[in-house]
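# Observations on chain architecture
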Amino acid sequence: MTKKIGVKKIGVIGAGQMGAGIAQVCAFSDFKTILWDANDKSLSNGVSSINAQLDKLVKKEKITEEKKVDTLNNLTSASNLKDFSDCDIVIEAIIENFEIKSKLFKELDEVTQNSTILATNTSSISITKIAGATKRPEKVVGVHFMNPVPIMKLVEIIKGLQTNENTYQTVESFCKKINKTTVLGIDMPGFIVNRILCPMINEAIFLLQEGVKAEDIDSAMKLGTNQPMGPLELADFVGLDTLLYILQILHRELGEDKYRPCPLLVKYIEAGWYGKKSGKGFYQY
Ligand code: CAA
Ligand code: NAD
C-alpha cells in the first residue's frame, strides 16, 4: 500500500530531456509542478516538448483532451529560484557537474523551507557530497529517473550517508504515486544502472575506434541480446557529454582502468558532437 504523504508541490530544476520528462510525469500525476531552467530557451523548449508529448498521447487516444488540459494546468514555469519556496520536494536535473550542482543546492537550501526535500537526478555524483553543500543533508536524496522518463518504469533511489528514513520513505511513496517502480541503489559512482550500462557503452565505442561499423555494433546488440536500442544509438540518446561525465567519475572515483573513457568519445566531445541533442553523435540526426 502506498504510504500517505503530505507532498503536493514538486519543483523541477533543469528543463532538458530529463527535467522536462520529470515535470511531465509529476504534473500528469496531479502534483502541482513548477519547472525552471537557467537558460530561457531550454525552459521554453522543455515546456514545448511536454505539450508535444501530451498532444501525441491525445492523438493516439491514450489520454483524453481533458487529461492533457489538467496536466498542463498543474504545470507552471518559474521565473527564478525564489518560486520554489513552497515546494515539498525539489528535483534537480541540471548538467552533470558537481561544482554547478553544489552551487545550486546551496541556493536551494536558502530559498526553500526547512522541511523541503532536495532530490538530485544525478547519474553518478555522490549524493553525500551534494548533500554536503546544504545544512540539511538528512533531507537530500538521489532519485535517478531513466530516459525517456514518461516511458521508463524505473527510479533508483539513493540514500546519502546522512539521508534519513523519513526522506527515503517520502520519496519512495512519491515515486509510487507517479507510477514508477523503485530500487534502492548505493551511494557509489554510477549506482546500479550506470555502473553496469556505461562500461558496456564505452566498450562499444572502443570497438568503433578499432574499426567495427556503428551499424554492425548496434545490430549485433539489438538482434543478439534483444536490447531495444544498440549501445551507440543509446549513447547518442543519453547525450555523449553526460556519458563522458559519468565515465570520468567512474574512472576517477572507482580508480580502475576498466572505466577509462574511450579516447574516441573524448574526441567527439571536443568536436561538439553530443549525440541526438546536438544533431550529431555516432549517427546524424
Ligand atoms: N519521450 C517520451 N516517449 C517516448 C520517447 C521520448 N523521448 N521516445 C519514444 N517514446 C514512446 C513512444 O511515443 C511510444 O509510445 P506508445 O507505445 O505509447 O506508442 C513508445 O515510447 C515506444 O516508442 P517507439 O515505438 O517510437 O520506439 P521504440 O519501440 O523503439 O521505443 C524507446 C523507444 C522506449 C526509447 C526504446 O527504444 C527504449 O526503451 N530504448 C532504451 C532506453 C533506455 O535504455 N533508457 C535508459 C537509458 S540510461 C539512463 O536513463 C540513465 C542515465 O543516467 C544515463
Ligand atoms: P540536458 O543537457 O538535456 O539538460 C540540462 C539542462 O540543465 C539544460 O537545459 C541546461 O540549460 C540546464 N542547466 C544547466 N545548468 C543549470 C543551472 N545552474 N541551473 C538551472 N538549469 C541549468 O541534460 P539531461 O540529459 O536532462 O541531464 C540532466 C541530469 O540528469 C544530469 O545530471 C544527468 O546526468 C541526469 N540523467 C541523464 C539521463 C540521460 O539519459 N540523459 C538519464 C538519467 C539521469
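Residues numbered from 1 in each chain as written. Chains lettered and ligands numbered in written order. Predicted model: local features only at pLDDT ≥ 70, side-chain atom pairs only at ≥ 80, totals over all residues. Heavy atoms only, no water.

## Observations regarding the domain arrangement of the protein chain
- For the protein chain, the assigned domains read domain 1 (9-185) and domain 2 (194-278).
- Between the C-alpha centres of domain 1 and domain 2 there is a distance of 26 Å.
- Between domain 1 and domain 2, roughly 820 Å² of surface is buried when both sides are summed, and carbon and sulfur atoms account for 54% of that area.
- A per-residue breakdown of the area domain 1 buries against domain 2 is headed by Gln17, Glu96 and Ser124, which together make up 46% of the total.
- Along the contact surface separating domain 1 from domain 2 lie zero salt bridges.
- Applying the counting rule to domain 1 against domain 2 returns three residue pairs in polar contact (both at pLDDT 80 or more).
- Here the side of domain 1 that touches domain 2 is built from residues that sort into three nonpolar, five polar and two charged. (Domains from an automatic or database assignment. Buried area = accessible area lost by both parts, 1.4 Å probe. Salt bridge = Lys/Arg side-chain N within 4 Å of Asp/Glu carboxyl O. Polar contact = N/O pair within 3.5 Å; in protein donor to acceptor, adjacent residues only side chain to side chain. Nonpolar A, V, L, I, M, F, W, Y, C, P; charged D, E, K, R; others polar.)

## Section: the environment of Lys258
- Checked against the element boundaries, Lys258 lands in the loop between α10 (240-254) and α11 (263-270).
- Remark: the alpha-carbon pair of Lys258 and Gly6, spanning 252 residues in sequence, is separated by 44 Å. (Helix = DSSP H or I, 4+ residues; strand = E, 2+ residues; numbered from the N terminus.)

## Regarding the pairing of strand β1 (residues 9-13)
- With five of five residues buried, β1 is to be regarded as a mostly interior element.
- Side chains of β1 alternate between two faces, with Lys9, Gly11 and Ile13 and Ile10 and Val12 buried alike.
- Pairing geometry for β1 and strand β2 (residues 32-36), over five bridges, is parallel. Each residue of the ladder has a partner; that of Lys9, found in β2, is Lys32.
- Where β1 and strand β4 (residues 89-92) come together, four bridges link them in parallel fashion. Its bridge partner being in β4, Ile10 is matched across the sheet by Ile89. (Buried < 20%, exposed > 50% of the residue type's maximum accessible area, 1.4 Å probe, protein only. Pairing = 2+ DSSP bridges.)

## A few points about the site of ligand 1
- Around ligand 1 lies a shell of 16 residues, among which Lys60, Lys62, His144, Asn147 and Asn194 are the nearest.
- Within the contact set of ligand 1, a nitrogen atom lies 3.4 Å away from a side-chain nitrogen or oxygen of Gln53.
- Between ligand 1 and His144, the relevant distance is 2.7 Å, taken from an oxygen atom to a side-chain nitrogen or oxygen of the residue.
- Bound to the protein, ligand 1 loses 64% of the 1,000 Å² it would expose on its own.
- At the level of secondary structure, the elements contributing two or more residues to the shell around ligand 1 comprise α7 (193-209) and α9 (231-238).
- Of the residues contributing to the shell around ligand 1, the split by class is nine nonpolar, five polar and two charged.
- Residue-level mapping places the shell around ligand 1 at the junction of two domains, with at least three residues from each of domain 1 (9-185) and domain 2 (194-278). (Near = heavy atom within 4 Å. Areas by Shrake-Rupley, 256 points an atom, 1.4 Å probe, with all protein chains shown as cover.)

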